[in-house]
Amino acid sequence: NIRSLILAGGSGTRLWPLSRKHNPKQFLKLEDTSFFQNTLIRCLEVSDISEIFVVTNDSQRFFVTGQAKELGYDLPPENVLIEPEAKNTLPAISFGMREIVKRFGKSIVGVFSSDHVLDIRAMETIKNAQLLAKEHLVTFGIVPTSPHTGYGYIKPAEKIDAGYKVAEFREKPNHEDALKYLKEGCLWNSGMFLFDTEVFFGELKEHESSFYKAFGPEIDPDAAIEEIYEKVRAISIDYGIMEKSRNVVVVRLEHKWSDLGNFNAIYEESEKDDNGNVIYECENILINSQNNLVYSKCDKLVALIDVQNMAVVDTPDALLVCPRESSQKVKQVADALHSKN
Ligand code: GDD
Ligand code: MG
């Protein structure tokens, strides 16, 4: 079996006001199950429940155990790893890898974001990449559909087993570079990885030695996590390791994948009515209005007249209205709120 490490500590600020600091995107239920629950179900394809670890923070701890329980699974409390502070994905992954080595020794670990939509059949491809993971850092690549600047771009080189050696990994390029990468046949980084714990710590030692000194498996197993976190800076795995390593391999995922990073992406992925509208959870009267996303959690009727291509998202204490195309900017609202408080 491979072990699974689920990253569930992000705040998903581009889905404000649905996603909040204390009710973030991964635990949202647009359907019967949340993104986190769907991730957990996928992980159970490759790991036993006792081999699934979740890195999160104290305020989300009960979402994690509660949502697992709702599905009928008892996630061992010691598998829920609580970060003293959110410092992006490199500390979170290093923490998880360290705990997995402490518990199980050398392992192959699937690292999973908890905020994606992914066809469960993709887990088969991930499982089959184990051989590659024994020597390389394995990423999973998605065929891109646009020059999206919120993703990592991976340039595949020569074939190796079930994958390709990676000539270049570039995190979140600007629009011009993204267009260039698109033309060169690059893949998007799906945000999922398959790492052998020894390979991972070897790369950490080479490229982020302060992280190795803080999290490395030979560090005192009883060291307090607060002190470990104080020793490292906030950085993502993509900038910290993937861009720098020369030992990256990409395996193409042919299955349906979406990051659902903003309201426009949710619109694109959802079922539309005859007028191209996507409507969640509310009574509505739409007159001559097409291609909108309408979401209301309130017991309120939503009416639109002559409105096209907008996102209208209503919650008890906040209302968002913006062109769907501007959804990527919603983060600015959350940022503005943050600096106000
Ligand atoms: N525990 C913990 N702590 N989890 C975190 C933290 C943290 O500080 N920060 C982010 N996460 C979790 C998020 O909840 C999400 O599930 C995952 O880690 C990825 O973080 P994002 O913040 O959503 O990353 P991104 O979308 O900007 O970029 C990553 O994913 C893209 C695909 O969706 C990168 O890996 C890109 O290269 C990739 O294309
Ligand atoms: Mg993301």
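As the structure is a computational prediction, the values presented were derived from the model and not from experiment.

**Some words on the nonpolar core**
Okay, so step 1: Ranked by size, the top nonpolar core spans 40 residues in total, and within it I6, V138, F140, M192 and L194 carry the most contacts.
Okay, so step 2: In this structure, L194 is in contact with I2, I108, V109, G110, I126, A129, Q130, A133, H136, L137, V138 and F140, ignoring residues within four places of it in sequence.
Okay, so step 3: Among the nonpolar cores identified, the runner-up in size contains 38 residues, and M97, I100, F201 and V248 belong to it.

**A look at the environment of F263**
Okay, so step 1: Counting through the fold element by element, F263 comes out in helix α11 (residues 263-269).
Okay, so step 2: It is 7.8 Å that separates the C-alpha atoms of F263 and R14, two residues lying 249 residues apart in sequence.

**So, the packing of aromatic side chains**
Okay, so step 1: By the definition in use, this model includes 15 aromatic pairs.
Okay, so step 2: Look at F211 and F215: their rings are 6.2 Å apart centre to centre, the planes differ by 20°, and that puts the pair in the stacked class. Placement of the pair is F211 and F215 together in helix α8 (residues 209-215), with a separation of 4 residues, close to one helical turn. In terms of burial, F211 and F215 fall into one category: buried.
Okay, so step 3: Between R3 and the ring centre of F104, over which it is positioned, the NZ or CZ distance is 4.1 Å.
Okay, so step 4: Stacked on the ring of Y181, the Lys or Arg K180 has its end atom at 4.9 Å from the ring centre.

**So, unusual backbone geometry**
Okay, so step 1: That bond from W16 to P17 is cis: its omega, 5°, falls within 30 degrees of zero.
Okay, so step 2: With respect to the helices and strands, the residue P17 is situated in the loop between β1 (3-7) and α1 (35-43).
Okay, so step 3: Positive phi values are uncommon outside glycine, yet N88 reaches one of about 75°.
Okay, so step 4: Within the secondary structure, N88 is located in the loop between β3 (80-83) and α3 (89-104).
Okay, so step 5: Residue classification places N88 among the partly exposed positions, given a relative accessible area of 44%.
Okay, so step 6: Despite not being glycine, D161 has its phi angle at roughly 45°, a positive value.

**Overview of the pattern of salt bridges**
Okay, so step 1: Going through the model one piece at a time under the given rule, you end up with 22 salt bridges.
Okay, so step 2: One salt bridge in this structure joins E254 and R252, with 3.3 Å as the shortest N-O distance.
Okay, so step 3: Owing to a relative accessible area of 59%, E254 belongs among the exposed residues under this scheme.
Okay, so step 4: Overlapping salt bridges, with partners in common, bring together K106, D196 and E198 in one network.

**Examining the confidence of the model for the protein**
Okay, so step 1: The predicted model of the protein averages 94 in pLDDT, with 100% of residues at 70 or higher.
Okay, so step 2: Among the prediction metrics, the complex's ipTM stands at 0.99, with pTM recorded as 0.92.

**Notes on the side chain of R324**
Okay, so step 1: Looking at where R324 falls in the secondary structure, it is placed in the loop between β17 (318-323) and α12 (330-340).
Okay, so step 2: Buried charge R324 goes without a salt bridge, the closest partner of opposite sign being E268 at 4.0 Å.
Okay, so step 3: Within the structure, R324 has its side chain in polar contact with the side chain of N264 (distance 2.6 Å).
Okay, so step 4: The contact partners of R324, leaving out residues within four places of it in the chain, are N264, Y267, E268, N291, L293, N309, M310 and A311.

Criteria and cut-off values
- Residues numbered from 1 in each chain as written.
- Chains lettered and ligands numbered in written order.
- Predicted model: local features only at pLDDT ≥ 70, side-chain atom pairs only at ≥ 80, totals over all residues.
- Heavy atoms only, no water.
- Core = buried A, V, L, I, M, F, W, Y, C linked by side-chain atoms within 4.5 Å.
- Buried < 20%, exposed > 50% of the residue type's maximum accessible area, 1.4 Å probe, protein only.
- Contact = heavy atoms within 4.5 Å.
- Helix = DSSP H or I, 4+ residues; strand = E, 2+ residues; numbered from the N terminus.
- Phe/Tyr/Trp six-rings, centres within 6.5 Å; stacked < 30°, edge-to-face > 60°.
- Lys NZ or Arg CZ within 6 Å of the ring centre and 35° of its normal.
- Salt bridge = Lys/Arg side-chain N within 4 Å of Asp/Glu carboxyl O.
- pLDDT = per-residue confidence, 0-100.
- Lys, Arg positive; Asp, Glu negative; His and termini not counted.
- Polar contact = N/O pair within 3.5 Å; in protein donor to acceptor, adjacent residues only side chain to side chain.

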